[in-house]
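Single-letter residue listing:
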Amino acid sequence: MKFEIPPLPYAKDALEPHISARTVDVHYEKHHKGYLAKLQQAIGGKPLAKLSLEDIICSPGDQHVFNLAAQVWNHTFYWNSLAPGGPSQPGGALAAAIRRSFGDVDVLRRELAHAANGEFGSGWAWLTKDAEGGLHVFNSDDAQNPVRSGLTPLLTIDVWEHAYYLDYQSEREKYVKAVVDELLDWRFAEKNFGA
Ligand code: FE2
């Protein structure tokens with residue numbers, strides 16, 4: 001088995017009360033691992049299986065394989081974008097870049113929430129960095145991933161219904177508010193910004 005999903009970076013109940021242990025369990029064990037199993041099935045024994053996940057994501061060609069590889073990558077990135085323990089503030093070079101691109105972190109939080117709530121169907125909201133260090137917030141449909149566009153992801157929010165339906169039913173805005181205000185891991189974003 002070439003591709004593996006890392007263990008969750010925290011206990012399944014660590015994001016409560018904002019995201020329940022049940023949601024994390026189903027999301028990680030069924031959805032995330034399900035994408036991996038389907039990816040292994042789709043590329044097993046083929047030349048693609050020798051590539052890294054990132055290289056598969058950046059390869060033109062099979063949309064089905066892209067969707068599965070990107071969903072595996074996006075979910076690992078999502079788990080790492082969240083952290084228990086209450087809201088944190090961005091610091092260091094990232095804080096300076098946020099001031100340059102957005103004015104202050106509250107504007108960035110509002111833009112992230114707007115992008116997440118504005119995604120029409122299933123998808124993702126992203127904070128990314130371009131080659132010049134400029135920051136960008138946008139949403140993407142389905143499995144789409146900024147790595148393919150040459151951007152460096154800093155944080156992501158999963159806005160597929162399976163990310164919030166058990167806890168919030170159709171009220172995506174409440175889930176997004178909880179993630180943006182309470183769970184985003186700005187230390188992880190700082191690390192990605194400096195990478
Ligand atoms: Fe998901």
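Look up: the structure comes first, before these words.
Residues numbered from 1 in each chain as written. Predicted model: local features only at pLDDT ≥ 70, side-chain atom pairs only at ≥ 80, totals over all residues. Heavy atoms only, no water.

Participant: Looking at this structure, how should I read the sheet that holds strand 1 (residues 123–129)?
Facilitator: Each strand in a sheet pairs with its neighbour through backbone hydrogen bonds, running either in the same direction (parallel) or in the opposite one (antiparallel). Ordered in space as 2-1-3, the three strands form an open sheet in which the pairing is antiparallel. A single partner strand is all that each edge strand has here, and the edge strands are strand 2 (135–141) and strand 3 (152–158). Neighbour-to-neighbour, the strand axes of the sheet open up by a mean angle of 25 degrees, direction not taken into account. Looking at chain direction, strand 1 and strand 3 are connected through six bridges and run antiparallel. Across the sheet, residue Ala125 finds its bridge partner in strand 3, namely Ile157. (Pairing = 2+ DSSP bridges. Helix = DSSP H or I, 4+ residues; strand = E, 2+ residues; numbered from the N terminus. Axes fitted to C-alpha atoms, helices over the stretch in contact; angles between N-to-C directions.)

Participant: Can you walk me through the nonpolar core in this structure?
Facilitator: In summary, soluble globular proteins display a tendency toward joint burial of nonpolar side chains. Residues Leu127, Tyr175 and Trp186 are the most contacted members of the largest nonpolar core, which totals 63 residues. When residues no more than four places from it in sequence are discounted, the contact partners of Tyr175 are Ile19, Tyr78, Ile157, Asp158, Val159, Ala163, Tyr164 and Tyr168. (Core = buried A, V, L, I, M, F, W, Y, C linked by side-chain atoms within 4.5 Å. Buried < 20%, exposed > 50% of the residue type's maximum accessible area, 1.4 Å probe, protein only. Contact = heavy atoms within 4.5 Å.)

Participant: It is not clear to me how the coordination of the iron ion should be interpreted in this structure. Could you clarify?
Facilitator: Six octahedral donors around a metal ideally sit at 90 or 180 degrees from one another, while four tetrahedral donors ideally sit at 109.5 degrees. In this structure, His27 (NE2), His75 (NE2), Asp158 (OD) and His162 (NE2) serve as the protein donors to the iron ion, at separations of 1.9 to 2.1 Å. Coordination geometry of the iron ion: the four donor atoms subtend angles of 88 to 129 degrees at the metal centre, consistent with an arrangement described as tetrahedral. Counting along the primary sequence, the residues that act as donors to the iron ion give the motif H-x47-H-x82-D-x3-H. Placement of His27 in helix 1 (residues 21–43) and of His75 in helix 3 (residues 63–81) is noted, with a sequence separation of 48 residues between them. Under the relative-accessibility criterion, His27 is labelled buried at 1%. On the basis of relative accessible area, His75 is assigned to the buried category, the value being 0%. (Donors = N, O, S within 2.8 Å, 3.2 Å for Na, K, Ca; no water. Tetrahedral: all angles 85-135°; square planar, octahedral: opposite > 155°, others 65-115°.)

Participant: Got a minute to help me understand unusual backbone geometry in this structure?
Facilitator: If a residue is not glycine, its phi is most likely negative; likewise, a peptide bond is most likely trans. Following Glu16, the chain continues into Pro17 via a peptide bond in cis, with omega recorded as 5 degrees. Mapped onto the secondary structure, Pro17 falls in the segment before helix 1. Even without glycine at this site, Asp142 takes up a positive phi of about 55 degrees. Position of Asp142 relative to the elements: it lies in the loop between strand 2 and strand 3. Using a relative accessible area of 43% as the deciding quantity, one classes Asp142 as partly exposed.

Participant: Would you mind showing me how to read the pattern of salt bridges here?
Facilitator: Side-chain pairs of opposite charge can arise where the charged atoms are in close proximity. The final tally for this structure, using the stated rule, is seven salt bridges. In this structure, the salt-bridge partner of Lys12 is Asp25, at a minimum N-O distance of 2.8 Å. Taken together, the positions of Lys12 in the segment before helix 1 and Asp25 in helix 1 put the pair 13 residues apart, joining distant regions of the chain. A residue is classified by how much of its surface remains accessible, and Asp25, at 32% relative accessible area, is partly exposed. Salt bridges here are not isolated pairs; linked through shared partners, they connect Lys12, Asp25, Glu29 and Lys33. (Salt bridge = Lys/Arg side-chain N within 4 Å of Asp/Glu carboxyl O.)

Participant: Explanation requested: the side chain of Glu119 in the structure shown.
Facilitator: Here Glu119 lies in the loop between helix 5 (105–118) and strand 1. If sequence neighbours within four positions are ignored, Glu119 has contacts with Asn139, Ser140, Asp141, Val159 and Arg172.

Treat this as a map of the structure, not an account of what it does.
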